[in-house]
Amino acid sequence: MGNNAIEIAGLRVVRGGIPVIPSLDLAVPVGQVVGLLGPSGSGKTTLMRAIVGAQIVEGGTVTVLGLPAGSAALRRRIGYVTQSPSVYSDLTVTENLRYAAAILGVDAAAIRQALTDVDLIGHAGQSIGTLSGGERARVSLAIALLGAPDLLVLDEPTVGLDPVLRRDLWELFHRLSRSGVSLLVSSHVMDEAARCDRLILLRGGGVLADGTLADLLDRTGTTDAEAAFLALVDEAAAHDADRDPAARGATP
Amino acid sequence: MSATLTATAVRDVPSRTMTATLTAATARRVLTQLRHDKRTIALVVLLPCVLIGLIAWMFNGTPVLDQFGPLLVGLFPMMVMFLVTSVATLRERTSGTLERLMTLPIGRGDVVVGYALAFAVLATVQALVIVGFAVWVCGMDVAGPIGLVVLVAVLDAVLGCALGLGASALAKTEFQAVQLMPLVLFPQLITCGLLMPRDEMPTVLEWISRVLPLTYALDAMQLLAAGGTWTDVRGDVAVIAGFIIGALVVGAATLRRRTP
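None of these values were measured; they are calculated from a predicted model.

A. Broad picture of empty space enclosed by the protein. Taken as a whole and judged by the stated rule, the model has 3 cavities of 30 Å³ or more. In this structure, the largest cavity encloses a volume near 110 Å³. Every residue along the wall of the largest cavity is listed here: A:Ser86, A:Tyr88, A:Asn96, A:Tyr99, A:Ala100, A:Ile103, A:Ile143, B:Thr97, B:Arg100, B:Leu101 and B:Leu104. Every element with two or more residues in the lining of the largest cavity is listed here: helix 2 (93-104) of chain A together with helix 5 (97-101) of chain B. For the lining of the largest cavity, the leading source of residues is helix 2 of chain A, giving 4 residues. Here the residues of the lining of the largest cavity sort into 7 nonpolar, 3 polar and 1 charged. Residue lining of the second largest cavity: B:Thr89, B:Glu92, B:Arg93, B:Leu98, B:Val111, B:Val112, B:Tyr115, B:Leu165, B:Ser168, B:Gly251 and B:Leu255, and that is the complete set. Listed by contribution, the elements that provide at least two residues to the lining of the second largest cavity are helix 4 (64-94) and helix 6 (108-137) of chain B. Of the residues belonging to the lining of the second largest cavity, the class tally is 6 nonpolar, 3 polar and 2 charged.

Below, the structure is given as structure tokens:
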């Protein structure tokens, strides 16, 4: 493995009797911003939960920073941001971070740094209940940054943010990756693809494509990520239809 | 730093179930949440007083309050704390905060016992206020030591917390959580000896009442009302403490790092 932050082989996840991830193989290199893109329901969140060790998996191996996913030693090395902000709405911003800081064993300076990184230092004393959706999402991100993790797993961290903030956060992600942090960032907004070092396109719980944006555009003969994704979906659907005529017409 | 940790580190980092600092950090966080919710504190502390006050008023001039007051002083806080705790933990489970918490280096025991400690602080305030109100405002006359009445009332309220923590694992929605209170507490209320002395019950019901914690909680209060001392109630107190620990262990065990 060596220079892979995440290695997944034959991952299978069944939820409510439905195989949401039938069998998935994946590698995320160290020190890169990897985008996990796909429509809602494609398995992005389930895959991320499997990586942070929150998902019951049916089979396969998930290796994170050289250890089996869910290992106790990984708990202080991974920063995880859930899709809906995991913050206590009846606490202030600082009180939320203080609890996580106590768990991770970091001091008040780390709290200030994390709040500065997400541009919330001016809201430190404010109750979460009075913040906007985007501000809550950034508090949640600040908590993930607190322990200076080696791997950040971020489930749609830029949803509901204005363009300026989105740009600032992507700059932060790249600054972190230059310092050796590996990032896996999910999004269902295809225009964020251009900001990632590498892209993984998910569809129906499987990897549709994995490579740089340039690779994908080259392969599909398209000019943007959305067109490339659609071309790959059509290609996969045609492939499915060839194998199983009954599936014809199931996908546009 | 990222490359220095190897596979052997898995063994080096014990999967601790509890540490004092993290349990305290959780208790502090829950108390801070409570402090921001002044209306809940007011309800928790004042509601049992209102109920006791109503009963004192209704049976004014009779010995009813002296006989049953201590029972109610044990019972009302238990019910209130059961509801408050089961809803608070359910909120943590459903809001996603627990999911992230379980990916952090904190033990499951730290979360459950931290919650219980925070609510125990609230329960102590509640027990002191309700006993003070019953004795000084309503004129409740307890034959046994009043300090023991407070102790048993606090333990009853903490038992309510612990049962609420344990039971919240069974609920997936707020609707279910609210109904757990009658599910867990009402059968205990019916068999604990309040409606009918336990030795007059059908044998099977009498056996059932022996394995339910409320029986011991009310027995202790009845003994104290009749002038019992520490020697009389220490057995009951030990059983209540045992149930508290048991319910917390169940609460920690049903907290899962991985969920479906």
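B. Structural view of the layout of surface pockets. The volume enclosed by the largest pocket comes to roughly 740 Å³. Surrounding the largest pocket, 26 residues form its lining, A:Arg49, B:Arg93, B:Glu99, B:Thr259 and B:Pro260 being those nearest its centre. For the lining of the largest pocket, the secondary-structure elements that each account for two or more residues are helix 1 (44-52) of chain A together with helix 4 and helix 5 of chain B. If one sorts the elements of the lining of the largest pocket by residue count, helix 4 of chain B sits on top with 3 residues. Taken together, the residues of the lining of the largest pocket sort by class into 9 nonpolar, 9 polar and 8 charged. Approximately 410 Å³ is the volume attributed to the second largest pocket. For the lining of the second largest pocket, the elements supplying multiple residues, two or more each, are helix 2 (20-36), helix 4 and helix 6 of chain B. If one sorts the elements of the lining of the second largest pocket by residue count, helix 4 of chain B sits on top with 6 residues.

C. Spatial organisation of the pattern of salt bridges. Taken as a whole and assessed by the stated rule, the structure comprises 12 salt bridges over all chains. B:Arg91 serves as the salt-bridge partner of A:Asp90, at 3.3 Å between the closest nitrogen and oxygen. Pair noted here: A:Asp90 is in the loop between strand 6 (78-81) and helix 2 and B:Arg91 is in helix 4, and the two residues belong to different chains. A:Asp117 is the partner of A:Arg175 in a salt bridge, and the nearest nitrogen-oxygen pair spans 3.9 Å. Here A:Arg175, found in helix 5 (residues 163-178), pairs with A:Asp117, found in helix 3 (residues 108-117); they are 58 residues apart in sequence, far enough to count as distant. Residues joined by salt bridges that share partners form a network here, namely B:Arg198, B:Glu206 and B:Arg210.

D. Expanded view of the sheet that holds strand 7 (residues 151-155) of chain A. Residues and elements named next belong to chain A. What the 6 strands build is an open sheet, ordered 6-7-8-3-9-10; its pairing is mixed. Two strands in the sheet have a free side with no partner beyond their single neighbour: strand 6 and strand 10 (206-211). Going across the sheet, the axis of each strand differs from the next one's by a mean of 15°, ignoring polarity. For strand 3 (residues 33-37) and strand 9 (residues 198-203), the ladder comprises 4 bridges, and the chain directions are parallel. When the sheet's bridge partners are listed, Leu37 is paired in strand 9 with Leu201. Sitting on the sheet, helix 4 (residues 133-145) touches strand 6 and strand 7, and the angle it makes with strand 6 is about 170°. Its contacts with the sheet put helix 7 (residues 225-243) on strand 9 and strand 10, and the angle it makes with strand 9 is roughly 45°.

E. Summary view of the sheet that holds strand 2 (residues 18-29) of chain A. Residue and element names in this part refer to chain A. The antiparallel open sheet is built from 4 strands, whose spatial order is 2-1-4-5. What marks the edges here is a single partner per strand, and that holds for strand 2 and strand 5 (67-68). With 8 bridges connecting them, strand 1 (residues 4-15) and strand 2 associate as antiparallel partners. For Asn4, the partnering residue across the bridge sits in strand 2 and is Pro29.

F. The packing of aromatic side chains, seen in detail. All names here are of chain A. In the structure shown here, the tally under the stated rule is 3 aromatic pairs over all chains. Here Trp170 and Phe173 contribute two aromatic rings whose centre-to-centre distance is 5.3 Å and whose plane-to-plane angle is 75°, an arrangement assigned as edge-to-face. Taken together, the residues Trp170 and Phe173, both in helix 5 and 3 residues apart, mark about one turn of the helix. One exposure class covers both Trp170 and Phe173, and it is buried.

G. Region of the structure containing the pairing of strand 3 of chain A. With 5 of its 5 residues buried, strand 3 of chain A lies for the most part within the structure. By the alternation rule, side chains of strand 3 of chain A split into A:Val33, A:Gly35 and A:Leu37 and A:Val34 and A:Leu36, which are all buried.

H. Spatial organisation of helix 6 (residues 213-220) of chain A. Residue and element names in this part refer to chain A. Restricting attention to buried positions, one finds in helix 6 the residues Leu213, Leu216, Leu217 and Thr220. Take helix 6 and look down its axis: the buried residues cluster within an arc of 95°, on one side only. Of the residues in helix 6, the exposed ones pointing more than 90 degrees away from the buried face are Ala214, Asp218 and Arg219. Here the buried face of helix 6 lies against strand 9, strand 10 and helix 7. At the exit of helix 6 stands Gly221, carrying a positive phi of roughly 65°.

I. Focus on the interface of chain B and chain A. Listed as interface residues are 35 residues of chain B and, on the opposing side, 38 residues of chain A. Summed over both partners, the interface of chain B with chain A comes to about 3,200 Å²; 57% of that surface belongs to carbon and sulfur atoms. For the pair chain B and chain A, the interface holds 2 salt bridges. Close ionic contact of B:Glu99 with A:Arg49 constitutes a salt bridge, the shortest N to O distance being 2.7 Å. The interface formed by chain B and chain A includes 18 residue pairs in polar contact (both at pLDDT 80 or more). Elements represented by at least two residues in the side of chain B that touches chain A include exactly helix 1 (9-12), helix 2, helix 4 and helix 5 of chain B. A total of 8 residues in the side of chain B that touches chain A trace back to one element, the largest contributor, which is helix 2 of chain B. A class-by-class count of the residues in the side of chain B that touches chain A yields 14 nonpolar, 12 polar and 9 charged.

J. Quick peek at unusual backbone geometry. Residue and element names in this part refer to chain A. You will see that Asp119, though not glycine, has its phi angle at about 60°, which is positive. Secondary-structure assignment places Asp119 in the loop between helix 3 and helix 4. With a phi angle near 45°, Ala148 is a residue other than glycine that sits in the positive phi range. Counting through the fold element by element, Ala148 comes out in the loop between helix 4 and strand 7.

Analysis parameters
- Residues numbered from 1 in each chain as written.
- Chains lettered and ligands numbered in written order.
- Predicted model: local features only at pLDDT ≥ 70, side-chain atom pairs only at ≥ 80, totals over all residues.
- Heavy atoms only, no water.
- 1 Å grid on protein atoms, 1.4 Å probe; cavity = no way out; pocket = protein on both sides within 12 Å on 5 of 7 lines; lining within 4 Å.
- Points joined across faces, edges and corners; volume = space filled by probe spheres on them.
- Helix = DSSP H or I, 4+ residues; strand = E, 2+ residues; numbered from the N terminus.
- Nonpolar A, V, L, I, M, F, W, Y, C, P; charged D, E, K, R; others polar.
- Salt bridge = Lys/Arg side-chain N within 4 Å of Asp/Glu carboxyl O.
- Pairing = 2+ DSSP bridges.
- Axes fitted to C-alpha atoms, helices over the stretch in contact; angles between N-to-C directions.
- Contact = heavy atoms within 4.5 Å.
- Phe/Tyr/Trp six-rings, centres within 6.5 Å; stacked < 30°, edge-to-face > 60°.
- Buried < 20%, exposed > 50% of the residue type's maximum accessible area, 1.4 Å probe, protein only.
- Arc of directions from axis to C-beta.
- Buried area = accessible area lost by both parts, 1.4 Å probe.
- Polar contact = N/O pair within 3.5 Å; in protein donor to acceptor, adjacent residues only side chain to side chain.

Function cannot be read off these values alone, since they describe shape.
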